[in-house]
Amino acid sequence: MKHTFVPRPFVTSSALALVLSACGGGGGGDLLSAAVSVPPTSGGGIGGSGSSTTSSGSIDGFGSIFVNGVRFETDDAEVIVNGEVRDDDALRLGMVVLVTGEVDDSGTSGTAERVIYDNELKGPISGIEVSADGDAKLLTILGINVIVERLGTVFDDVTFDTLALDDVVEVSGFTGRGESLRATRVEREGRFVAGQSQVELRGRVTALSGNQFMLGDVSVDASEAALEDFGGATLSEGQLVEVRGTLTEGVLTATRIELDESVGNRFAEGAAVQVQGAITGYQSPASFRVGGVDVDASAATLQPAGLVLGNGAVVQINGVWEQGRLVASRIASRRGRIKVEGPLGAVDVEAGTLTLQLVPGSVAVTLSQSTRLDDDSDRASILRIGDLVPGDYLEVEAYLDGDRLVATTVERDDDENEQSLQGPVDSFVAGESITILGLTYSTSGAEFEGRDDVDIDADLFFANVQPGDLVKVSDDPVADGIADEVEFEDLVALAGEREFACFGDDDSEDGDSTDDSSEGCDDFLDDDPLTSGDDDSDEDDLTDDDDLTDDDDLTDEDDDPDDSEDDDLTPEDELEEDDLTEEDD
């Protein structure tokens, strides 16, 4: 019997709508053509009636451009791309831009006076590491760790699968946990040629000696560089700069050095401001940072209403700039942990809804003005909801907001036979079936995995799964409604977050004692009954005699994912050749 998913409250899966985590190449959709938007919460406009505003965020669609849920007309705007005046057709999906202009009373339409885009990084890929689940990669570019996602990153002239060493790529995105850069857009510019390929790197000047200094791990020779925006100043320790030049044997020979300024310096006192990015330095709702901006959200309304803030969360903040900080009036989720892959069954352009038809039933999602539409099938340079037709193969990311699923990303891909559904568990019959978002899959013959993509058996899976847990069911290579793989997924972390953003020691010079490179990663341990904690490697085989670390509290008596901190070893727990570290309780 087939079912249609109608969102409803869950016993514990409401946590899914409350938890945030960090945003694929083609074009973005003009969602206003569908006459649909997600209504802002009270005070959710971006500064009031016909107000001036400054908005920093990724371009999610065109017609003219959509940034932070606002459609900005750009016909008469000054457009600056990487320091050069350009036409608005130089703007691309996934670029993180700064827009200044006017917004109307609805808070959803405006006119841009200026649009500025400046890439975060450009250079050759010197390292590539693939996540265990294959959904993310860690790129090393000029010493910077860049996380790219199969679904969450826009690719231009390259794909997630074809990224290669020595590709020169331009990256736009948000800085998150561990000072890693989570890419919203990656554009390939060619193959690296030492001494010829142009590279760009931003950072703080350290180890300055004459005309030589360091930017992170890269040595810079500034002896022939032109200095821009320095006024009467000279290069000095601690300055935030952007360096352009060429790279030879690890030395960046600078041709231009621009004195940079933080985003906050571009905001006027009392100005209406929107900022999108990943939360860092989280202390409390009244004290954290997004995109280098200090935020006070102690009085902000949240969307979804129960949204939980924390390091790594990708959010959009609306508020007013007061005394060097952004006082938030509204914070909205910009990423989701629900994912659906399969053929489009129906599209309602007027209502702005898509219905994906899986074998066990259908799942409906609502598009908003913040939904990014991306066409990896290369059938449309700019993808609009009206371009979608039944039978199109879609990959959708969404979050649960009340009684509806709101799509953050819709990607059209080449036709595929496989289907998958990731969402909160409704119910299950041990050894027989599992129901997610109202759709029931048989698990007979399925393979099972823990959250860290470690193989486990069916008995261990069903002994630990609970309603509300985030689980992914894969139905491939030919979808038949019978699960081929069932795996726990993380309620909090986006693709690659655990593997690539939680490592190292604090070696920054930011003036605090926070371990920036693993900032906030302890929150992963609170909701995870099946994390890895193997004694000899990063992969946990979760056997009956598995060692117990601070992030692995599975005893025969323990099936509560929330009591890891209170779990004491019992006589039944065997610790064989355990190498407990300082991090292990």
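Residues numbered from 1 in each chain as written. Predicted model: local features only at pLDDT ≥ 70, side-chain atom pairs only at ≥ 80, totals over all residues. Heavy atoms only, no water.

Things to note about the nonpolar core
So, step 1. Core analysis: the largest hydrophobic core is formed by 38 residues, its most contacted members being Leu354, Leu421, Phe461 and Val471.
So, step 2. A per-element tally of this core places strand β31 (residues 393–401) first, with four residues.
So, step 3. Domain assignment of the residues forming this core places at least three in each of domain 5 (338–413) and domain 6 (419–488).
So, step 4. Grouped together as the second largest cluster of nonpolar side chains are 33 residues, Leu121, Phe155, Val205 and Leu215 included. (Core = buried A, V, L, I, M, F, W, Y, C linked by side-chain atoms within 4.5 Å. Buried < 20%, exposed > 50% of the residue type's maximum accessible area, 1.4 Å probe, protein only. Helix = DSSP H or I, 4+ residues; strand = E, 2+ residues; numbered from the N terminus. Domains from an automatic or database assignment.)

Brief notes about the pattern of salt bridges
So, step 1. Evaluated as defined, the whole model comprises 32 salt bridges.
So, step 2. In this structure, Asp156 and Arg185 form a salt bridge, with 2.6 Å as the shortest nitrogen-oxygen distance. You can see Asp156 sitting in strand β12 (residues 154–156) and its partner Arg185 sitting in strand β14 (residues 181–191), a full 29 residues away along the chain.
So, step 3. What makes Asp156 partly exposed here is its relative accessible area of 24%. (Salt bridge = Lys/Arg side-chain N within 4 Å of Asp/Glu carboxyl O.)

Considering a nonpolar patch on the surface
So, step 1. Nonpolar side chains collect at one region of the surface, where Ile128, Val130 and Leu165 lie side by side and expose about 230 Å² of accessible area between them.
So, step 2. Mapping Ile128 onto the fold places it in strand β9 (residues 121–130). (Patch = residues over 30% accessible without salt bridge, like charges linked within 9 Å, V, L, I, M, F, W, Y side chains within 5 Å. Areas by Shrake-Rupley, 256 points an atom, 1.4 Å probe, with all protein chains shown as cover.)

Side note on the confidence of the model for the protein
So, step 1. Averaged over every residue, the pLDDT of the protein is 82; the share at 70 or more is 77%.
So, step 2. Confidence drops under a pLDDT of 50 for residues 6–49, and excluding neighbours within four residues, the segment shows 158 contacts in the predicted structure.
So, step 3. The low-confidence segment residues 531–585 (pLDDT under 50) makes 94 contacts with residues lying over four places distant or belonging to another chain. (pLDDT = per-residue confidence, 0-100. Contact = heavy atoms within 4.5 Å.)

Some details on the environment of Cys502
So, step 1. Along the chain, Cys502 falls in the segment after α3 (497–500).
So, step 2. On the basis of relative accessibility, which here comes to 23%, the residue Cys502 falls in the partly exposed class.
So, step 3. Residues Cys502 and Ser180 lie 322 residues apart in sequence; the distance between their C-alpha atoms is 9.4 Å.

What to know about the pairing of β31
So, step 1. A large share of β31 lies buried, amounting to nine of its nine residues.
So, step 2. Burial of β31 is two-sided: the residues Tyr393, Glu395, Glu397, Tyr399 and Asp401 facing one way and the residues Leu394, Val396, Ala398 and Leu400 facing the other way are all buried.
So, step 3. With six bridges joining them, strand β27 (residues 338–348) and β31 adopt antiparallel strand pairing. Its bridge partner being in β31, Pro343 is matched across the sheet by Tyr393.
So, step 4. Pairing geometry for β31 and strand β32 (residues 404–413), over nine bridges, is antiparallel. Its bridge partner being in β32, Tyr399 is matched across the sheet by Val406.
So, step 5. Here β31 folds back onto β32, and the loop between the two strands holds two residues, one of which, Gly402, carries a positive phi near 65°. (Pairing = 2+ DSSP bridges.)

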